[in-house]
Amino acid sequence: MDKISLFERHSLTSCVCEGYSFLAKQLFLVVRVLIPYFTIASLLGVLSYAYNVKLNVAVMAQETVSLQEILVAMVLFTLTWLAVVIAKARMFLMFRRLTALELPKPEDVSVTKVTMWKRSLLRTMQLAWRSMPYYIWVLVLYMPGFPIVEPCVMYISGLSMEYKILAVCGIVLLGIILTVFLTPIIYTFYCRMMKPSNVTGDAEQMRAFDFKEAYKKGFHHKGKIFFLTL
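Calculation notes
Each residue is numbered by its place in its chain's sequence as written, counting from 1. The predicted origin of the model limits local features to residues at a pLDDT of at least 70 and limits the giving and counting of side-chain atom pairs to 80 or more, whereas totals for whole chains, interfaces and linings rest on all residues. To get the side-chain values, take all heavy atoms of the structure and skip hydrogens and water. Note on terminology: a nonpolar core comprises buried Ala, Val, Leu, Ile, Met, Phe, Trp, Tyr and Cys residues joined through side-chain atoms within 4.5 Å. Note on classification: 1.4 Å probe, protein chains only; a residue is buried when its accessible area is under 20% of the maximum for its type, exposed when over 50%, partly exposed between these limits. Secondary structure follows DSSP: runs of H or I at least 4 residues long count as helices, runs of E at least 2 residues long count as strands, and numbering of each begins at the N terminus. Just to be clear on terms, a salt bridge is a Lys or Arg side-chain nitrogen sitting within 4 Å of an Asp or Glu carboxyl oxygen. By convention, a stacked pair of Phe, Tyr or Trp rings (six-membered ring in the case of Trp) has centres within 6.5 Å and planes under 30 degrees apart, an edge-to-face pair has planes over 60 apart, and any other such pair is tilted. Ring-over charges, as used throughout, are those where CZ of Arg or NZ of Lys falls within 6 Å of the ring centre and within 35 degrees of the ring normal. Residue contacts follow a heavy-atom distance rule, with two residues in contact if any of their heavy atoms lie within 4.5 Å. Helices are assigned an expected span. That span is 1.5 Å times one less than the residue count. In this scheme, the bend at a residue equals the angle between the axes fitted to the seven residues that finish there and the seven that begin there.

J.: Account for the nonpolar core, naming residues and giving values.
T.: Counting residues in hydrophobic clusters, the biggest one holds 23 residues, and the most contacted among them are Phe22, Leu34, Val85, Phe92, Met94, Phe95 and Phe189. Of all the elements in the fold, those that place two or more residues in this core are α2 (27-60), α3 (67-98), α4 (113-142) and α6 (161-193). It is α3 that contributes the most residues to this core, nine residues altogether.

Shown next as structure tokens:
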């Protein structure tokens, strides 16, 4: 079984090369396992984007937008969001099986493919639920952003040049601070999704996957995590 050292120290170049090497060696598996999930997520994303563009054009043309159309847009967005969460969960299930964090049970040899698929789907949903705290916070922080941006831009554009420069410097500084302190959370997310079961890891190993310990380690390697994420 292929072993991947996700939490060992590697150089930035080594991490990138290892990622592409994994994709090259496991291309058929990645396509076979993930294509159904990400295809559904992509199709829903296209529908959601197209419908939102339609509503935006109607608003700009000062046409009436009904409550039903707004509800449809919200439903499409929610379905897309859920499909992406489930697709990412299936990806992590694949990683967990490849790294032997989840080994097949002896009785799995005799079960049918349909039963195996049902078990995989159930485990995917469990991992999707595990990831929810991260995705919900991203959604909560992401949604209010758009109504705030336009008034802020209009306010800053009306300032004098000196205050414009000061405002831009403040925004850049705030962006840097947020990047520094939020980047380690990416590492805590991967630790949460790849946390071994009690059967496969001792107490000390399990503590390394807890949020506090993972954040400390992620903060120490925040530069590498940031550039790898890019």
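Okay, back to it.
J.: Describe in detail the pattern of salt bridges, supporting the description with residues and values.
T.: Taken as a whole and judged by the stated rule, the model has four salt bridges. The closest approach of N and O atoms between Glu102 and Arg96, which form a salt bridge, is 2.7 Å. A single burial state applies to Glu102 and to Arg96, both of which are buried. Here Arg123 and Glu102 are joined by a salt bridge, their closest N and O atoms 2.8 Å apart. Of this pair, Arg123 sits in helix α4 while Glu102 sits in the loop between α3 and α4, placing them 21 residues apart in sequence.

J.: Requested: an account of the packing of aromatic side chains, with residues and values cited.
T.: In total, this model carries eleven aromatic pairs according to the counting rule given. On the numbers, 5.3 Å between centres and 65° between planes, the contact of Phe92 with Tyr190 is edge-to-face. Of this pair, Phe92 sits in helix α3 while Tyr190 sits in helix α6, placing them 98 residues apart in sequence. The ring of Tyr51 is capped by Lys54, whose NZ or CZ atom sits 5.4 Å from the centre of that ring.

J.: Help me get a handle on the environment of Val85, residues and values and all.
T.: With respect to the secondary-structure elements, Val85 resides in helix α3. Residues in contact with Val85, not counting those within four places in the same chain, are Ala128, Ser131, Met132 and Tyr135.

J.: Which residues make up α6, and what values do they have?
T.: Look at α6: 47 Å from first C-alpha to last across 33 residues, which is about the 48 Å you get at 1.5 Å a residue. The largest bend along α6 reaches roughly 30° and is located at Val180, with the proline Pro184 sitting one to four residues downstream. Along α6, the positions that sit buried rather than exposed are Thr183, Pro184, Tyr187, Thr188, Phe189, Cys191 and Met193.

J.: Any details on unusual backbone geometry? Residues and values, ideally.
T.: Peptide bonds are mostly trans, and most non-glycine residues show a negative phi. Even without being glycine, Gln62 reaches a positive phi, approximately 60°. Within the secondary structure, Gln62 is located in the loop between α2 and α3. By relative accessible area, Gln62 is classed as exposed at 74%. At Ala100, a residue that is not glycine, the phi angle is positive and equals roughly 65°. When you line up the elements, Ala100 lands in the loop between α3 and α4. On the basis of relative accessible area, Ala100 is assigned to the buried category, the value being 14%.

Read these as spatial facts, not as claims about activity.
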